[in-house]
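# A look at the structure
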Amino acid sequence: MASTATHHDHEQDHIAHLREKHLMLDPLPRGRMNEMVMESMHDTSWKFWVVFGILSVIVAVFLFGAWGYMIANGLGVAGVNRPSYWGIFLVNTVFWIGISHAGTFISAILRVFKAEFRRPFTRAAELMTTFGLVQAGFSIFMHMGRVWLSYWLMPIPNQRGLWPNFHSPLSWDLLAITTYLLSSTMYLFLPLIPDLAMARDRTPDGTWQKTFYRVLALGFRGTEGEWTHLRHAMNIFAFAIIPVMFSVHTIVSWDCAAATRPGWNSTIFGPYFVVGALHSGMGAVAMVLAVVQSRMKHMKYFIRGEHFDALGMLMLLVSMTWAYFFFNDYMVQWYGGDKWTQQLLHFHEAGPLGWMWFAMLIFNVAIPWATLWNKKWRSNPWLLFGVGLLINFGMWFERYIIIPISLTINRMPFTWRMYTPGVEIYLGIGTVAFFILLYMGASRLIPLIPVWEVQEGQMAHSLKKYGRETVVTISELE
Amino acid sequence: MTVTTNISLLAVFPDLEPAADAIDRLRTLGVPDDQMNVISGTPVTEAMLGRPRQWTNVPRLALGGALAGMIIGLFLAFATPSLYPIQVGRQGIISGPPTVVVVFEMTMLGLLLSTFLGVFLDSYFPSYRPMHYVPEISDGKFAVFFSCPQEDSEKITKAMTALGAEKVEAAEAQPL
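So, how was this worked out
- Residues numbered from 1 in each chain as written.
- Chains lettered and ligands numbered in written order.
- Predicted model: local features only at pLDDT ≥ 70, side-chain atom pairs only at ≥ 80, totals over all residues.
- Heavy atoms only, no water.
- Helix = DSSP H or I, 4+ residues; strand = E, 2+ residues; numbered from the N terminus.
- Rg over C-alpha atoms; globule rule 2.2 N^0.38 Å.
- Contact = heavy atoms within 4.5 Å.
- Areas by Shrake-Rupley, 256 points an atom, 1.4 Å probe, with all protein chains shown as cover.
- Lys, Arg positive; Asp, Glu negative; His and termini not counted.
- Charge placed at Lys NZ, Arg CZ, Asp CG, Glu CD.
- Axes fitted to C-alpha atoms, helices over the stretch in contact; angles between N-to-C directions.
- Parallel < 35°, antiparallel > 145°, perpendicular 65-115°, else oblique.
- Nonpolar A, V, L, I, M, F, W, Y, C, P; charged D, E, K, R; others polar.
- Patch = residues over 30% accessible without salt bridge, like charges linked within 9 Å, V, L, I, M, F, W, Y side chains within 5 Å.
- Salt bridge = Lys/Arg side-chain N within 4 Å of Asp/Glu carboxyl O.
- Buried < 20%, exposed > 50% of the residue type's maximum accessible area, 1.4 Å probe, protein only.
- Domains from an automatic or database assignment.
- Pairing = 2+ DSSP bridges.
- Buried area = accessible area lost by both parts, 1.4 Å probe.
- Polar contact = N/O pair within 3.5 Å; in protein donor to acceptor, adjacent residues only side chain to side chain.
- pLDDT = per-residue confidence, 0-100.
- Expected span 1.5 Å × (residues − 1).
- Phe/Tyr/Trp six-rings, centres within 6.5 Å; stacked < 30°, edge-to-face > 60°.
- Lys NZ or Arg CZ within 6 Å of the ring centre and 35° of its normal.
- Arc of directions from axis to C-beta.
- Left-handed = near helix turned anticlockwise from the far one by under 90°.

Scanning chain A from N- to C-terminus turns up 18 helices and two strands. Expected size for 478 residues packed as a compact globule is a radius of gyration near 23 Å; at 24 Å, chain A falls within 12% of this value. Along the first, second and third principal axes, the C-alpha atoms of chain A reach 90 × 55 × 40 Å. By sequence separation, contacts in chain A at least 24 residues apart represent 80% of the contacts at least 6 residues apart. Of the accessible surface of chain A, which amounts to about 19300 Å², a share of 68% is contributed by carbon and sulfur atoms. Here chain A carries 35 positive and 29 negative side-chain charges, and the mean point of each set is 4 Å from the other.

Put into C-alpha cells, the structure is as follows:
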C-alpha cells in the first residue's frame, strides 16, 4: 500500500517536472497568454528608453553621419585601396546576410521537420532575418560609394545605355538578396497576421496603436477560409524559402569563388559559406533569446531551458559542420602546393593579423565544443549568450580573413599592401546599433511570441502512460 | 406563399469539441454547410470540425506566379543581353551559369510573391468593412456563424445553448 502511494507521488512529481520543463505541456488559457504577450510589449522600464536613446544617437552619428561624411568627401575616407578593394563594407555585408540565415533556418527548416521546440521563437528569429538583411543592404550601398547611382544595378535601360552584365556574380547578388529580402519579409508577415488581429482586439479604441494593428491585421477574423489560405501559403513558403536561403549565401560565396585568386577559387565555398552563415545566425538567435527571456516581462514562461538546450545542440552541430568545411577547404588549398596560395595561408596564420586566424578557430570550434556538449551548460541562457557572442566574433573574423586579408596577397607581390580600415569601422558599428535599435522598436510593436502557434503546439502535445512511465506524445494536427 | 426571411446568428463556444458538435446539430436542424462558418483564434482543420474541404487557390496562384517569374527570368537572361550586348573578352553574350541563377531567382520570387498575394486575393484582404466577429475569438473561443430561417432561430438557439454555447446572438457586422 505504502509502495503504491510512493509510486503515485513519484509519478506526480515526474508529471510536474515534465510540465515545468516543456512549454508545450504547460498550457495556459489563450486569453492569459495573449495578455502576457501584450504586457511584454507595453511594460517598458526607463532603462529600455535610455538604451534606445543611446542607440539612436549612435545610429545618427556613426551610421548616417559617417555615411554622409563619406558621401561628401568620397570613398577615399574609407580604407579600401589597391589591392584590398573589398574591405569591411563587404565583410559586414556577408556577416549580416549570415545573421539573416538563422531566421529562415529556424522558421522554415524546423517547421518542415516539425521540430516542436521552434514554436515560441520563430518570430524572434524571423525578425533577425529581415533586420539583418536591412544592414546587409546598407553595407553594400556604402561600398558603392556613389550610392545615388545604385539604380544602375537594376535591369532597366538608363540614360547611359548601360545594362547590368549578368555574367558578374555581383548582379546575381542583387537578384538573390532582393529575392531573399522580399521573401523573408513576406514570410515574417504571414504568420504575424493572426497575432496582429489579437493585438487589434486587445487595444483600446481611439489609440494610434489600434489603427496600426487594425491596418496591419488586414481585417483578419480567423474564418475557416482564412486559416486554410494561410496554412497553404505558409507550407509553400516553408519549403520554397529554403533553396532561396541556400542560394543567397552560395551566390555571395561565388563573389569570391568565381575569381581565380589564391585562397578564393574553391569549389567548396558555397556550402562553407552557408554553414558559416548558420553558425553566426544561430549564435545571434541564442543571444537575442537570452536577452528577450531575461528583460521582457513573462518571457520566462515562453522561453525555457529546453529551448536553449535545443538551440545549443544545433549550435554544436553547426560548429562541427563548419569545422569540417574549414578543414576540407584548408586541406585542399594547402596540399595543392600553389606557390601563392602557400604564401597566403602562411600570411593568414603568421601575418600581422595571425591572431585573428587563431581567434576564429578558438571562437568557432574550440569554445563551442568545450561547452555545448554539456546539457546543463547549454541550457544556461547567459552561457549560451557568451558562446553566441564569441561565435559571432569568430565568424566576423572569418569574413575579414577571407576578404581584405586574403586580398592582400596575390600573384603580383609589388601590389601587396595591408588594408587599414578608415570610416568603415564607424559605419560597421552603426549597422550593429541600427540592428539592435530596429529589434528593440519591433519588440514594442509586434508580438514577439507567435501565440497561436504556441497554442497549436500545446493542443498537439499530451502525456500518455506506457507501462509505468508517463511520456510525452505529439499528435499530427496540421 | 410565405416568404422565409433568414437571420444570421453567432454562437460562441469555449472549446473545439462543442463547436464541432454544434455543426453536426445545425446540420440535423436543416442548416446547410454553405450557410455556416467557424471562426477561431487557432487553425483547426476541416477534419477536426467535420466540415467539407475548404477550397483554396493559393497553390495554383503560386504555380502561376512561378511560371510568370520563370518567363521574366528567361527574358532577362536571354532577351536583354541580346538587346544590350556587352562584349567582354571572348565571353559569350549568353552563358549557362548566369542564366541558371537569373531564372532560378526570378522563378522563386514569382512563386513566393504570388503565394503571398494569393492569400490576399483568396481572403479578400485587406478588408476594413464592418464584419461579423466577436473579439473573444482571439482569446481562444470558437464562434460558429450561420444563417437560418427566422422562425427556426429560437429552436436553434436553444440547441446551441444546450451544447455549451456561452452566448448565441444575432450576428451584427461591427468594425474590427
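A few words now on the packing of helix α4 (residues 88-112) of chain A against helix α10 (residues 269-295) of chain A. Residues and elements named next belong to chain A. Interaxial distance between α4 and α10 falls to 7 Å at its minimum, and their mutual angle equals 75 degrees. Between α4 and α10, the angle is such that the two are roughly perpendicular. Between α4 and α10, the contacting residues are V94, G98, I99, H101, A102, F105 and I106 on the first element and F273, A277, L278, S280, G281, M282, A284 and V285 on the second. Residue classes in the contact of α4 with α10 are distributed as 11 nonpolar, four polar and no charged.

Turning our attention to a nonpolar patch on the surface. A cluster of nonpolar side chains, L67(B), M70(B), I71(B), L74(B), F78(B) and I94(B), forms an exposed patch at the surface whose accessible area comes to about 520 Å². Using a relative accessible area of 52% as the deciding quantity, one classes L67(B) as exposed.

Turning our eyes to something else, we now look at the pattern of salt bridges. All names here are of chain A. In total, this model carries 24 salt bridges over all chains according to the counting rule given. Put simply, E456 and R119 hold a salt bridge, and the shortest N to O gap is 3.2 Å. Of the two residues, E456 is situated in helix α18 (residues 451-460) and R119 in the loop between α4 and α5 (122-144); the sequence distance between them amounts to 337 residues. Take E456 and R119: they sit in the same class, and that class is buried. For R378, the salt bridge identified is with D309, shortest N-O distance 2.5 Å.

This next bit is on the domain arrangement of chain B. Per the domain assignment, the segments making up chain B are domain 1 (6-42 + 140-174) and domain 2 (58-123). When each unit is reduced to the centre of its C-alpha atoms, the spacing between domain 1 of chain B and domain 2 of chain B is 48 Å.

A few words on the sheet that holds strand β4 (residues 142-149) of chain B. Residue and element names in this part refer to chain B. The four strands lie next to each other as β2-β4-β1-β5, forming an open sheet whose pairing is antiparallel. Both edges of this open sheet fall to β2 (36-40) and β5 (167-170), since each of them pairs with a single strand only. Here the strands of the sheet are splayed against their neighbours by 20 degrees on average, with no regard to which way each runs. Bridge count for β2 against β4 is five bridges, and the pairing is antiparallel. When the bridges of β4 are listed, S40 appears paired with F142. The sheet strands contacting helix α1 (residues 16-28) are β1 (6-13), β2 and β4, and the helix crosses β4 at an angle near 10 degrees.

What follows is about the interface of chain B and chain A. The interface of chain B with chain A comprises 62 residues on the first partner and 55 residues on the second. Here chain B meets chain A over a buried area of about 5300 Å², counting both sides, of which 68% is carbon and sulfur. Seen at the junction of chain B and chain A, the total is 23 residue pairs in polar contact (both at pLDDT 80 or more). Secondary structure elements with two or more residues in the side of chain B that touches chain A: β2, α2 (46-49), α3 (58-83), α4 (96-123) and β3 (131-132) of chain B. Considered class by class, the residues forming the side of chain B that touches chain A number 40 nonpolar, 17 polar and five charged.

It is worth spelling out the pairing of strand β1 (residues 461-466) of chain A at this point. Residues and elements named next belong to chain A. As judged from the six bridges shared by β1 and strand β2 (residues 469-474), these two strands associate in the antiparallel manner. Residue pairing across strands places K465 opposite T470, the latter belonging to β2. Hairpin remark: β1 followed by β2, antiparallel, with two residues in the connecting loop; positive phi at G467, about 60 degrees.

So, on to unusual backbone geometry. Of note, the amide linkage connecting R82(A) to P83(A) takes the cis form, showing an omega dihedral of 5 degrees. Along the chain, P83(A) turns up in the loop between α3 (46-73) and α4. Residue P126(B) is bonded to the preceding F125(B) through a cis peptide linkage, with omega at -15 degrees. If you trace the backbone, P126(B) turns up in the loop between α4 and β3. In this model, H298(A) sits at a positive phi of 70 degrees, which is unusual for a non-glycine residue.

Turning next to the confidence of the model for chain A. Within chain A, residue pLDDT values average 92, and 97% of them lie at 70 or more. Within chain A, helix α1 (residues 2-21) of chain A has the poorest average pLDDT of any element, 79, and helix α14 (residues 354-372) of chain A the best, 98.

Since the α-helix turns once every 3.6 residues, residues separated by three or four places project in the same direction. A rise of 1.5 Å per residue sets the reference length of helix α6 (residues 169-189) of chain A, with its 21 residues, at 30 Å; its end C-alpha atoms lie 30 Å apart and thus fit the reference within 8%. Of all 21 residues making up α6(A), 16 are buried, and the element is well covered by its neighbours.

This part is about the packing of aromatic side chains. All names here are of chain A. Summed over the entire model, instances satisfying the criterion amount to 45 aromatic pairs over all chains. Ring geometry for F138 against F434: centres 5.6 Å apart, planes inclined by 65 degrees, an arrangement best described as edge-to-face. Of this pair, F138 sits in helix α5 while F434 is found in helix α17 (residues 424-445), placing the two residues 296 residues apart along the sequence. The exposure classification of F138 matches that of F434, with both residues buried. Counting every residue linked through ring pairs, the aromatic cluster contains F269, Y272, F273, W322, F326, Y330, W357 and F358. Against the face of W264 rests R261, its NZ or CZ located 5.6 Å from the ring centre.

Turning our attention to the side chain of S171(A). Topologically, S171(A) is positioned in helix α6. Owing to a relative accessible area of 8%, S171(A) belongs among the buried residues under this scheme.

Residues and elements named next belong to chain A. Secondary-structure assignment places G281 in helix α10. A relative accessible area of 0% means that G281 is categorised as buried. Here the alpha-carbon distance between G281 and A125, two residues 156 residues apart in the chain, equals 8.8 Å. G281 has contacts with G98, I99, A102 and M128, leaving out every residue within four places of it along the chain.

All names here are of chain A. Of all the residues in helix α8 (residues 208-217), the buried ones are K210, Y213 and A217. What you see down the axis of α8 is that its buried residues fit within an arc of 70 degrees, all on one side. Those residues of α8 that are buried are in contact with α2 (30-42), α7 (193-201) and α17.

A few words on the environment of A277(A). Residues and elements named next belong to chain A. Examined against the element boundaries, A277 turns out to sit in helix α10. A relative accessible area of 0% places A277 in the buried class. When sequence neighbours within four positions are dropped, the list of residues in contact with A277 reads G98, H101, H249 and R399.

Our focus in this paragraph is the packing of α10(A) against helix α12 (residues 305-336) of chain A. Residues and elements named next belong to chain A. Relative orientation of the contacting elements α10 and α12 amounts to 155 degrees, with a least axis distance of 9 Å. Relative to α12, the element α10 is oriented roughly antiparallel. Of the two possible hands of crossing, α10 and α12 adopt the one that is left-handed. Split into classes, the residues belonging to the contact of α10 with α12 amount to 18 nonpolar, six polar and one charged.

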